[in-house]
Amino acid sequence: MHELGIVVHVINQIEELSKKNNVNKVVELTLEVGEVSGVVKEYFVDAFEWAKKRTEYMKDCKLNLVIIQGITYCEDCKKTYSTTEYGKECPYCHGPHTYLVTGRDVMIKNVKVE
Ligand SMILES: [Zn+2]
């Protein structure tokens, strides 16, 4: 399961930071999740709820997910468009020289501690 791997990675990062910064408790975590990151929100939340019970600092941590839209840029006509709507082919000039600008990653946006 793709989601669990990401959850474990994120939790490890935050646990390590908490230890370094003498944090007692992490109460809230906000993550930005790209629309085309392949993450299924429900699976991600389930994985997080399961994994947080095994942590030292995040047992009562609340999770917020902010979905970031997938945006693709076309090098041929210099326009951007929604990745989920049109995919790899540019809807304006039908050129194939496009690449994803945002929406692929899962990133830590905010961590609230006590
Ligand atoms: Zn184009």
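Now for a quick tour of the structure.

About the criteria used
Residues numbered from 1 in each chain as written. Predicted model: local features only at pLDDT ≥ 70, side-chain atom pairs only at ≥ 80, totals over all residues. Heavy atoms only, no water. Pairing = 2+ DSSP bridges. Helix = DSSP H or I, 4+ residues; strand = E, 2+ residues; numbered from the N terminus. Axes fitted to C-alpha atoms, helices over the stretch in contact; angles between N-to-C directions. Contact = heavy atoms within 4.5 Å. Buried < 20%, exposed > 50% of the residue type's maximum accessible area, 1.4 Å probe, protein only. Donors = N, O, S within 2.8 Å, 3.2 Å for Na, K, Ca; no water. Tetrahedral: all angles 85-135°; square planar, octahedral: opposite > 155°, others 65-115°. Lys, Arg positive; Asp, Glu negative; His and termini not counted. Salt bridge = Lys/Arg side-chain N within 4 Å of Asp/Glu carboxyl O. Polar contact = N/O pair within 3.5 Å; in protein donor to acceptor, adjacent residues only side chain to side chain.

**Digging into the sheet that holds strand β2 (residues 62-68)**
Strand pairing in a sheet relies on backbone hydrogen bonds. The paired strands run either parallel or antiparallel.
Then, in step 1: With respect to topology, three strands assemble into an open sheet ordered β2-β1-β6, the strand pairing being mixed. The open sheet has two free edges, formed respectively by β2 and β6 (106-113), since each of these has just one partner strand. When strand polarity is set aside, the average angle formed by the axes of neighbouring strands in this sheet is 20 degrees.
Then, in step 2: Looking at chain direction, strand β1 (residues 26-34) and β2 are connected through seven bridges and run parallel. Directly across from glycine 34, in β2, lies its bridge partner isoleucine 68.
Then, in step 3: Here helix α2 (residues 41-52) sits on the sheet in contact with β1, β2 and β6, set at roughly 155 degrees to β2.

**Points about the environment of cysteine 93**
Then, in step 1: Relative to the helices and strands, cysteine 93 is located in the loop between α3 (83-86) and β5 (98-102).
Then, in step 2: Judged by its relative accessible area of 34%, cysteine 93 is partly exposed.
Then, in step 3: Between the alpha carbons of cysteine 93 and aspartate 76 there is a distance of 7.6 Å; along the sequence they are 17 residues apart.
Then, in step 4: Among residues more than four places away in sequence, those in contact with cysteine 93 are Cys74, Asp76 and Cys77.

**Thoughts on the coordination of the zinc ion**
Then, in step 1: Within the protein, the zinc ion binds to Cys74 (SG), Cys77 (SG), Cys90 (SG) and Cys93 (SG); these donor distances fall in the range 2.3 to 2.4 Å.
Then, in step 2: Angles of 107 to 114 degrees at the metal separate the four donor atoms of the zinc ion, which places the site in the tetrahedral class.
Then, in step 3: Each donor residue of the zinc ion lies on one chain, and together they are spaced C-x2-C-x12-C-x2-C. Of this pair, cysteine 74 sits in strand β3 (residues 71-74) while cysteine 90 sits in the loop between α3 and β5, and the two are 16 residues apart along the sequence.
Then, in step 4: Residue cysteine 90 is classed as buried on the basis of its relative accessible area of 0%.

**Focus: the sheet that holds β5**
Then, in step 1: Taking strand neighbours across the sheet as the criterion, the three strands line up as β4-β3-β5 in an open arrangement whose pairing is antiparallel. Only two strands of the sheet have a single neighbouring strand rather than two, namely β4 (80-82) and β5. Each strand axis lies, on average, 35 degrees off the axis of its neighbour in the sheet, ignoring direction.
Then, in step 2: The pairing of β3 with β4 spans three bridges and is antiparallel. Residue pairing for β4: isoleucine 71 is matched across the bridge by serine 82.

**Overview of the side chain of glutamate 15**
Then, in step 1: With respect to the element layout, glutamate 15 can be found in helix α1 (residues 2-20).
Then, in step 2: Buried within the structure, glutamate 15 lacks any salt-bridge partner; its nearest side chain of opposite charge belongs to lysine 19, at an N-O separation of 6.7 Å.
Then, in step 3: Within the structure, the side chain of glutamate 15 is placed 2.9 Å from the backbone nitrogen of glutamate 56, a separation counted as a polar contact.

**With respect to the environment of tyrosine 57**
Then, in step 1: Relative to the elements of secondary structure, tyrosine 57 occurs in the loop between α2 and β2.
Then, in step 2: According to the relative accessible area criterion, tyrosine 57 is buried, its value standing at 11%.
Then, in step 3: Put simply, tyrosine 57 and asparagine 12 are 45 residues apart on the chain and 11 Å apart in space, counted from C-alpha to C-alpha.
Then, in step 4: Residues in contact with tyrosine 57, not counting those within four places in the same chain, are Glu15, Ser18, Lys19, Val23, Asn24, Lys25 and Val26.

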